[in-house]
Each structure stands twice: as C-alpha cells, then as structure tokens.
Amino acid sequence: MFALRRAAIKAAPLAARSTVRPFSVLGARFSAVGQPAESTMGPGGKAGEVPTDLEQATGLERLELLAKLQGKELFDMEPLNMTHIGTPKNPIVVQSHDPIRFVGCTGFPAESHDVIWINLDKSHEHDRCPECGSVFEMDFVGTEDEHHH
C-alpha cells in the first residue's frame, strides 16, 4: 500500500505537490511563566453542582480555554510551511517552549515519505530525519524554570 502511495507521489508533477507540512510544530503561543496560580487552577465546582469545564480545568487545558474566551488560540494549529529541504547551513527552524519537541517529518516535497517522528532537543545543534535527511533546528523560546507537567 505504501509503495503505491510513494509511487503516485513521485509520479505527480512538482507543481502539484504541496509544500505545506500536515503537522503543527509550535507549542503554546503564550507562556504560563509568571502567571498567578489562579490562572492555571480553576475554582472547582460549588457543593452540590456539577462544575463547568472552565471551573474544573487546570494547567494548559485551562490556559487554552481562557485564551479561547478571549478569541485567541493558545496553540499554533497551522501546518509548518516547508519551502526547502533543511540542511546544516539552512535548517528548518522550529520554535518551542519546551526543551524537547517532537516533529513529524513527511519529507520534501511534503508527503514524499511516511511520517517519521523526530525528537528535537535544545541541547543538540540540529536533528536530522533518517529518511530524507532534512535538518531541523530548535529555536528555544521558553525559559529554563518553565514546567508544564
């Protein structure tokens, strides 16, 4: 099945192939660092009542709900725009609030191979896809004392 899919993708003209990744790679757009405990912990339900999602949500789930109430998206759900294959001199830069980030690579042009999950680490200079060789580099935008778990 995958061999047929790969053959069909390779046979498609380059102009018809999409250069947009089907996966999002950026975590939270807003940092929870410095937020008071009340913003990450809901008040809970009142005695004898069933709490709402907002009352019982905690952590990132609560921050996401609060952002949606303000008309914003906490997480970047847009696909990564792949305009080139990453090289050590010109890598695909991925922003992250966490020191470790998983990225799904489908090759260049997009979907030229099955999804391979790559573990990006801020301590690495860059990380490479074992299938297509595309190089990814993490742009760490978080802080060292930030803990989401």
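Per an unreviewed UniProt entry, the chain is named Cytochrome c oxidase subunit 4, mitochondrial, and its organism is Thamnidium elegans. The UniProt entry for the chain carries the following text under Subcellular location (unreviewed entry): "Mitochondrion inner membrane". Word for word, the UniProt comment on the chain under Sequence similarities (unreviewed entry) is "Belongs to the cytochrome c oxidase subunit 5B family."

Engineer: Talk me through the overall build of the chain; I want residue IDs and the actual numbers.
Structural biologist: On a plain count of helices and strands, the chain comes out with four helices and five strands. Along its sequence from the N terminus, the chain presents helices and strands in the succession α-α-α-α-β-β-β-β-β. Within the chain, the fraction of its 149 residues that count as buried is 30%. Taking the intrachain contacts of the chain between residues at least 6 apart in sequence as the baseline, contacts between residues at least 24 apart amount to 57%. For the chain, the accessible area works out to roughly 9,500 Å², and carbon and sulfur atoms hold 56% of it.

Engineer: I'd like a description of the side chain of aspartate 127, backed by residues and values.
Structural biologist: Note on placement: aspartate 127 falls in strand 4 (residues 127–128). No salt bridge is formed by the buried aspartate 127; the nearest opposite charge belongs to arginine 128, separated by 9.4 Å.

Engineer: How would you summarise the packing of aromatic side chains if you had to cite specific residues and measurements?
Structural biologist: The tally for this structure, following the rule as stated, stands at zero aromatic pairs. One residue, lysine 122, lies across the ring of phenylalanine 140, its end atom 4.5 Å from the ring centre.

Engineer: For the sheet that holds strand 1 (residues 92–96), give the residues involved together with the corresponding values.
Structural biologist: Taking strand neighbours across the sheet as the criterion, the three strands line up as 1-5-4 in an open arrangement whose pairing is mixed. Across the chains shown, the open sheet's two edge strands, defined by having one partner strand only, are strand 1 and strand 4. Direction of pairing for strand 1 relative to strand 5 (residues 135–140): parallel, over a ladder of five bridges. By the bridge assignment for strand 5, glutamine 95 is matched with aspartate 139.

Engineer: I'd love a proper account of the UniProt feature "binding site: Zn(2+)" (unreviewed entry) in the chain, names of residues and values included.
Structural biologist: In the numbering used here, UniProt assigns the feature "binding site: Zn(2+)" (unreviewed entry) to Cys105, His113, Cys129 and Cys132. A maximum C-alpha distance of 10.8 Å places the annotated residues, which cover 28 residues in sequence, within one compact spot. When you line up the elements, cysteine 129 lands in the loop between strand 4 and strand 5. With respect to the helices and strands, the residue cysteine 132 is situated in the loop between strand 4 and strand 5. Take cysteine 132: its relative accessible area is 25%, and that puts it in the partly exposed class. Beyond its immediate chain neighbours, meaning those up to four positions away, cysteine 132 contacts Ile85, Cys105, Gly107 and His113.

Rules and cut-offs
Residue numbering note: each chain is counted from 1, following its sequence as written. Predicted model: local features are reported for residues with pLDDT of at least 70 only, side-chain atom pairs are reported and counted for 80 or more only, and whole-chain, interface and lining totals are derived from all residues. The side-chain figures draw on all heavy atoms in the structure; neither hydrogens nor water molecules are used. UniProt positions are given in the numbering used here, feature names are shortened, and annotations may be inferred rather than shown by experiment. In this description a helix means any DSSP run of H or I spanning at least four residues, a strand means any run of E spanning at least two, and both kinds are numbered starting from the N terminus. In this scheme, a residue with accessible area under 20% of its type's maximum is buried, one over 50% is exposed, and one in between is partly exposed, where area comes from a 1.4 Å probe on protein chains only. Whether two residues are in contact is decided by their heavy atoms: any pair within 4.5 Å suffices. Each accessible area is a Shrake-Rupley result for a 1.4 Å probe, and residues are judged covered by the shown protein chains and nothing else. A positive count includes Lys and Arg, and a negative count includes Asp and Glu. His and the chain ends are not counted in either. Salt bridges are identified by distance alone: a Lys or Arg side-chain nitrogen within 4 Å of an Asp or Glu carboxyl oxygen. We call Phe, Tyr and Trp rings a pair once their centres come within 6.5 Å, taking the six-membered ring for Trp, and we label the pair stacked below 30 degrees between planes, edge-to-face above 60, and tilted otherwise. Here, a charge over a ring means that NZ of Lys or CZ of Arg falls within 6 Å of the ring centre while also lying within 35 degrees of the ring normal. Strands were regarded as paired on the criterion that DSSP finds at least two bridges between them.

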